[in-house]
Amino acid sequence: NNRVAGVHFAFQKHFLVEGSTLAENGHKLSGSTGYGAASSAGSYNDYYIYRNNVSLYNYRKGLDAHEGDHILIEKNVSYGDRLLGIAVYNRAYKMENAIIRDNIVTQDTNNRLLKNDLRKDGTFPANSDYSQYEAIHLKKVVWVILKLVEILFKISIIAGKFQSNMRVVIDQKKIIRLMLF
């Protein structure tokens with residue numbers, strides 16, 4: 001229960017987060033912090049792995065891969081993380097080799113911000129930072145379109161009641177999202 005993250009790292013090579021419970025990081029009234037595990041945006045990280053972790057009720061994201069290459073995210077459980085279960089995206093450096101497989105991501109619709117967030121009826125305010133919950137968020141990743149079908153099939157479970165309500169969306173900024181309704 002840390003203010004920013006359970007694990008937060010930058011400029012690492014061959015970094016492993018394995019077998020950890022990452023819970024309730026951040027502050028319940030703020031959606032701007034609260035990561036289970038996160039690599040720092042703007043720092044290059046190479047060959048890092050999130051494996052066999054449990055991420056519970058973090059106030060922003062469960063497992064976050066901001067930057068880097070040769071990333072493996074496998075056999076993790078994300079339950080009740082508020083905004084994103086798993087996030088993989090780059091801003092400054094190449095990201096060409098990322099594998100996301102055999103993860104379980106489940107949303108708890110009761111773990112929401114009181115305002116500036118997705119409403120329970122599925123609508124959201126304009127310019128919201130929290131326009132919808134996303135099980136897995138992928139952004140600016142070159143291989144995403146080619147691997148999207150593989151990723152969809154390799155996600156072990158997305159809570160049964162949401163599974164049939166999952167949709168792939170590519171917005172105007174080329175952000176690809178797996179969205180749950």
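It should be emphasised that the depicted structure is a prediction, and the values quoted were computed from it without experimental measurement.

Trainee: Break down the side chain of Asp 64 for me, with residues and values.
Mentor: Tracing the backbone shows Asp 64 in strand β7 (residues 61-65). Once residues lying within four places of it in the same chain are set aside, the contact partners of Asp 64 are Tyr 35, Ala 37, Ala 38, Ser 39, Tyr 50, Ala 87 and Tyr 89.

Trainee: I'd like to hear about the sheet that holds strand β2 (residues 13-18), residue by residue, with values.
Mentor: Strand order across the open sheet formed by 4 strands is β2-β5-β8-β11, with parallel pairing between neighbours. Looking at the sheet topology across the chains shown, the edges are occupied by β2 and β11 (98-101). Taking the axes of each pair of neighbouring strands and ignoring which way they run, one obtains an average angle of 5° across the sheet. Strand direction decides the pairing type here: β2 and strand β5 (residues 46-51), joined by 5 bridges, are parallel. Looking at the pairing, Glu 18 lines up with Arg 51 of β5.

Trainee: A description of the pattern of salt bridges should follow, citing residues and the corresponding values.
Mentor: Under the counting rule described, the total for this entry stands at 4 salt bridges. With a closest N to O distance of 2.8 Å, Arg 51 and Glu 74 form a salt bridge. Remark: Glu 74 occurs in strand β8 (residues 69-74) and Arg 51 occurs in strand β5; sequence separation between them is 23 residues. Among the residues examined, Glu 74 registers a relative accessible area of 7% and is labelled buried. One salt bridge in this structure joins Lys 61 and Asp 64, with 3.7 Å as the shortest N-O distance. Assigned by exposure class, Lys 61 and Asp 64 land together as buried.

Trainee: Lay out the environment of Ile 136 in plain terms, naming residues and giving numbers.
Mentor: Relative to the helices and strands, Ile 136 resides in strand β13 (residues 134-139). Sequence spacing of Ile 136 and Leu 83 is 53 residues, and the spatial spacing of their C-alpha atoms is 10.0 Å.

Trainee: Let's hear about the nonpolar core: which residues, and what values?
Mentor: One finds Tyr 50, Leu 63, Ile 71, Ile 73, Ile 86, Val 88 and Ile 100 to be the most contacted residues of the largest nonpolar core, which totals 19 residues. For this core, the elements supplying multiple residues, two or more each, are β5, β7, β8, β10 (84-89), β11 and β13. If one sorts the elements of this core by residue count, β13 sits on top with 3 residues. In contact with Ile 73, not counting residues within four places along its chain, are Tyr 50, Leu 63, Ala 65, Ile 86, Val 88, Ile 99, Ile 100, Arg 101 and Asn 103.

Trainee: I'd like a description of the environment of Glu 74, backed by residues and values.
Mentor: Separated by 22 residues in the primary sequence, Glu 74 and Asn 52 have C-alpha atoms spaced 6.8 Å apart. Sequence-distant contacts of Glu 74, defined by excluding residues within four places in its chain, comprise Tyr 50, Arg 51, Asn 52, Arg 101, Asp 102 and Asn 103. A polar atom in the side chain of Glu 74 sits 2.8 Å from the side chain of Arg 101.

Trainee: Please give an account of the packing of aromatic side chains that cites residues and values.
Mentor: To describe a pair of aromatic rings, one takes the distance between the centres and the angle between the planes. The full count for this structure, using the stated rule, is 5 aromatic pairs. Ring geometry for Tyr 48 versus Tyr 50: centroids 5.9 Å apart, planes at 70°, classification edge-to-face. Residues Tyr 48 and Tyr 50 agree in their burial class; the two are buried.

Trainee: Residue-level account of unusual backbone geometry, with values.
Mentor: For Tyr 57, which is not glycine, the phi dihedral falls at a positive 50°. Mapping Tyr 57 onto the fold places it in the loop between β6 (54-56) and β7. On the basis of relative accessibility, which here comes to 27%, the residue Tyr 57 falls in the partly exposed class. Even without glycine at this site, Asp 102 takes up a positive phi of about 55°. By the element assignment, Asp 102 lies in the loop between β11 and β12 (104-106).

About the criteria used
- Residues numbered from 1 in each chain as written.
- Predicted model: local features only at pLDDT ≥ 70, side-chain atom pairs only at ≥ 80, totals over all residues.
- Heavy atoms only, no water.
- Helix = DSSP H or I, 4+ residues; strand = E, 2+ residues; numbered from the N terminus.
- Contact = heavy atoms within 4.5 Å.
- Pairing = 2+ DSSP bridges.
- Axes fitted to C-alpha atoms, helices over the stretch in contact; angles between N-to-C directions.
- Salt bridge = Lys/Arg side-chain N within 4 Å of Asp/Glu carboxyl O.
- Buried < 20%, exposed > 50% of the residue type's maximum accessible area, 1.4 Å probe, protein only.
- Core = buried A, V, L, I, M, F, W, Y, C linked by side-chain atoms within 4.5 Å.
- Polar contact = N/O pair within 3.5 Å; in protein donor to acceptor, adjacent residues only side chain to side chain.
- Phe/Tyr/Trp six-rings, centres within 6.5 Å; stacked < 30°, edge-to-face > 60°.

Function cannot be inferred from these measures alone, as they are strictly geometric.
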